[in-house]
Amino acid sequence: MNILVLGGAGYIGSHTVKELIKAGNSVVVADSLTTGHRKAVDSRAKYYEGDIRDGAFLDKDFTEEKIDVVMHFCAYSLVGESVTNPLKYYNNNIGGAITLLEKMQEHGIKKIVFSSTAATYGEPERVPIVETDPTVPTNPYGETKLAMEKMFKWASEAYGIEYVSLRYFNACGADETASIGEDHGPETHLIPLILQVPLGKREFISIFGTDYATHDGTCIRDYIHVTDLAQAHILAADYLMHGGKSDIFNLGNGVGFSVKEVIETARKVTGHAIPAKESERRAGDPAQLIASSEKAKKILGWKPEHDSLEEIIASAWAWHKNNPDGFED
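Residues numbered from 1 in each chain as written. Predicted model: local features only at pLDDT ≥ 70, side-chain atom pairs only at ≥ 80, totals over all residues. Heavy atoms only, no water.

1. What to know about the overall build of the chain
Selection rule: Helix and strand assignments follow DSSP, with helices taken as H or I runs no shorter than four residues and strands as E runs no shorter than two, numbered in order from the N terminus. The reference for a compact globule is 2.2 Å times residues^0.38; the radius of gyration itself is calculated from the C-alpha atoms. For every residue, the accessible area (1.4 Å probe, protein chains only) is compared with the maximum for its type, and the residue is labelled buried under 20%, exposed over 50%, or partly exposed between those bounds. What makes two residues a contact is simply this: any of their non-hydrogen atoms within 4.5 Å. We count Lys and Arg on the positive side and Asp and Glu on the negative side, and we leave His and both chain ends out. Every charge is mapped onto a representative atom, which is NZ of Lys, CZ of Arg, CG of Asp or CD of Glu.
The helix and strand tally for the chain stands at ten helices and 13 strands. Radius of gyration (C-alpha) of the chain: 19 Å, near the 20 Å computed for a compact globule of 329 residues. Taken along the three principal axes of its C-alpha coordinates, the chain extends 55 × 40 × 40 Å. Evaluated residue by residue, the chain yields a buried proportion of 56% over its 329 residues. Residue pairs in contact within the chain that sit at least 24 positions apart in sequence constitute 77% of those at least 6 positions apart. Charge separation in the chain, taken as the distance between the mean sites of 33 positive and 47 negative side-chain charges, equals 1 Å.

2. Brief notes about the environment of glutamine 288
By the secondary structure assignment, glutamine 288 is in strand S13 (residues 288-289). Considering only alpha carbons, one finds glutamine 288 and tyrosine 239, 49 residues apart in sequence, at a separation of 31 Å.

3. Concerning helix H10 (residues 309-322)
Going by this rule: Between the first and last residue of a helix there are one fewer steps than residues, each counted as 1.5 Å, and that sum is the expected span.
Under the 1.5 Å per step criterion, the end-to-end length of H10 is 20 Å for 14 residues, consistent within 8% with the ideal 20 Å. All of the buried residues along H10 are Leu309, Ile312, Ile313, Ser315, Ala316, Trp317, Trp319 and His320. Where H10 is buried, its residues touch strand S7 (170-172), helix H6 (190-195), strand S9 (220-225), strand S11 (256-258) and helix H8 (259-270).

4. Examining the packing of helix H4 (residues 86-107) against helix H5 (residues 140-159)
Heads up, the rule is: Axis definition: a line fitted to C-alpha atoms, limited for helices to the stretch in contact. Angles are taken between N-to-C directions and run from 0 to 180 degrees. Orientation is classified from the angle alone, with under 35 degrees giving roughly parallel, over 145 giving roughly antiparallel, 65 to 115 giving roughly perpendicular, and any other angle giving oblique. Helix crossings fall into two classes, left-handed where the near helix is turned counterclockwise from the far one by less than a right angle and right-handed where it is turned clockwise. When residues are grouped by polarity, Ala, Val, Leu, Ile, Met, Phe, Trp, Tyr, Cys and Pro land in nonpolar, Asp, Glu, Lys and Arg in charged, and all others, Gly among them, in polar.
Running from amino to carboxyl end, H4 crosses H5 at an angle of 15 degrees, the nearest separation of the two axes being 9 Å. Relative to H5, H4 is oriented roughly parallel. The handedness of the crossing between H4 and H5 is right-handed. Here Pro86, Tyr89, Tyr90, Asn93, Ile94, Ala97, Ile98, Leu101 and Gln105 of H4 lie close against H5, whose contacting residues are Pro140, Tyr141, Glu143, Thr144, Ala147, Met148, Met151, Phe152, Ala155 and Tyr159. In terms of residue class, the contact of H4 with H5 is made up of 15 nonpolar, three polar and one charged.

5. Some thoughts on H8
One turn of the α-helix equals 3.6 residues, which is why residues spaced by three or four share an orientation. Threshold: For this quantity, the arc is that covered by the directions from the helix axis to the C-beta atoms.
Between the first and last C-alpha of H8 there are 16 Å, a value that for twelve residues agrees with the 16 Å anticipated at 1.5 Å per step. Every buried residue belonging to H8 is among Val259, Val262, Ile263, Thr265, Ala266 and Thr270, and all of these are buried. The arc that holds the buried residues of H8, viewed along the axis, is 165 degrees, so those residues lie on one side. If you follow the buried residues of H8, they end up packed against H6, strand S8 (205-208), S9, S11, strand S12 (276-279) and H10. A positive phi of about 75 degrees marks glycine 271, the residue just after H8.

6. Quick notes on the packing of aromatic side chains
As a reminder, the rule being used: Here a pair means two rings of Phe, Tyr or Trp (six-membered ring of Trp) with centres within 6.5 Å. Their orientation is stacked below 30 degrees between planes, edge-to-face above 60, and tilted elsewhere. Two conditions define a charge sitting above a ring: the NZ of Lys or the CZ of Arg must be within 6 Å of the ring centre, and it must be within 35 degrees of the ring normal.
With the rule as written, the count across this model stands at five aromatic pairs. Following the ring pairs from residue to residue traces out a cluster consisting of Phe114, Phe152 and Tyr163. We note lysine 88 situated over the ring of tyrosine 76; from NZ or CZ to the ring centre the distance is 4.7 Å. One cation-aromatic arrangement involves arginine 281 over tyrosine 212; the distance from NZ or CZ to the ring centre is 3.9 Å.

7. Some details on the sheet that holds strand S5 (residues 111-117)
Going by this rule: A pair of strands counts as paired when DSSP detects no fewer than two bridges linking them.
Strand order across the open sheet formed by seven strands is S3-S2-S1-S4-S5-S6-S10, with parallel pairing between neighbours. The two strands at the open ends of the sheet, each matched to only one other strand, are strand S3 (46-49) and strand S10 (247-251). The sheet shows a mean angle of 20 degrees between the axes of neighbouring strands, taken without regard to direction. Sitting on the sheet, H4 touches strand S1 (2-6), strand S4 (69-72) and S5, and the angle it makes with S5 is about 165 degrees. Of the strands in this sheet, S4, S5, strand S6 (162-168) and S10 are in contact with H5, which crosses S5 at around 160 degrees.

8. Quick notes on the environment of lysine 297
Here lysine 297 shows up in helix H9 (residues 294-299). Separated by 47 residues in the primary sequence, lysine 297 and asparagine 250 have C-alpha atoms spaced 9.8 Å apart. Apart from residues lying up to four places away in sequence, lysine 297 is in contact with Trp302 and Pro304.

9. Notes on unusual backbone geometry
Cis peptide bonds are those with omega within 30 degrees of zero, and the linkage from valine 127 to proline 128 qualifies with 0 degrees. With respect to the element layout, proline 128 can be found in the loop between S5 and H5. For the bond running from glycine 185 to proline 186, omega is 0 degrees, close enough to zero to count as cis. In this fold, proline 186 is placed in the loop between S7 and H6. The backbone of leucine 33 shows a phi angle near 65 degrees, a positive value even though the residue is not glycine. Turning to its location among the elements, leucine 33 is positioned in the loop between strand S2 (26-31) and S3. Despite not being glycine, alanine 178 has its phi angle at roughly 60 degrees, a positive value. Note on placement: alanine 178 falls in the loop between S7 and H6.

10. Section: the pattern of salt bridges
Counted only if it meets this: By definition here, a salt bridge exists when the distance from a side-chain nitrogen of Lys or Arg to a carboxyl oxygen of Asp or Glu is within 4 Å.
Summed over the entire model, instances satisfying the criterion amount to 20 salt bridges. The shortest N-O distance in the salt bridge between arginine 44 and aspartate 42 comes to 2.8 Å. The class of arginine 44 is exposed, set by a relative accessible area of 55%. A salt bridge links aspartate 211 to arginine 281; its shortest N-O distance comes to 2.8 Å.

Worth remembering: the numbers are spatial, not functional.
And the structure:
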């Protein structure tokens, strides 16, 4: 397949590029480098720098390259920032999707795999969460992702653009070679924040809330290795190329770990004490978010291979230990 990976210099995008190439696909990466890193892009991929809100930029990509499937990772994704600056998120996330769909229609490109999020569900009514559960986002980030999903649905009906939307739970870990990994600015994800303590970048990790209705009082999340996410994208592209119809899939391990359990596993992996301090709850943090991924397993044939929390943290630690300042670009 010839795959255009939009946002291929980002965390999940760059891991997907690496796995796509490993599987024998031809890959073109387009990224504005607003949040991505040029050094994260596999040297075997063709690279274009630009913003997908720029129609002329997409015209160039689609004219110069023969594309079978688009993979769309381009989005701002900081929940807190989306609350304080919602228009930035609507402009970038939804604005980019509108331009992309317009240009896909103009150039006759009919297949897209979309990077969505569990934030589309908001506060879950039950766990594990299934794809038919209510979608009531609690922040503008989740709202923009849900709006993008709905745009893909209507574009599919109007223009015949088939899509797969993949709703991730907590992406984590790093490539087995430790050559690429997680490098956000600012960092908001739990595992890299924990690992900043043994790296000497923070004195302790904060635990926000210890009075949730969980076995140890801390929030429980479903952690999914980034390489397993990448494999799901490849399977989704194959599904579309073989006539699969537009659909939505959860991606998670179906197992939840509490904040305290993640910290304790990181202590074991790193051999560091990792001091923790308990703080008040943060507004909007659900007690539990756990995915049912049975649909993805049944229809896409997806099976997570890196579902051990210890393995996930060990892969992240290998990256962060060797790259304490990330990509430094």
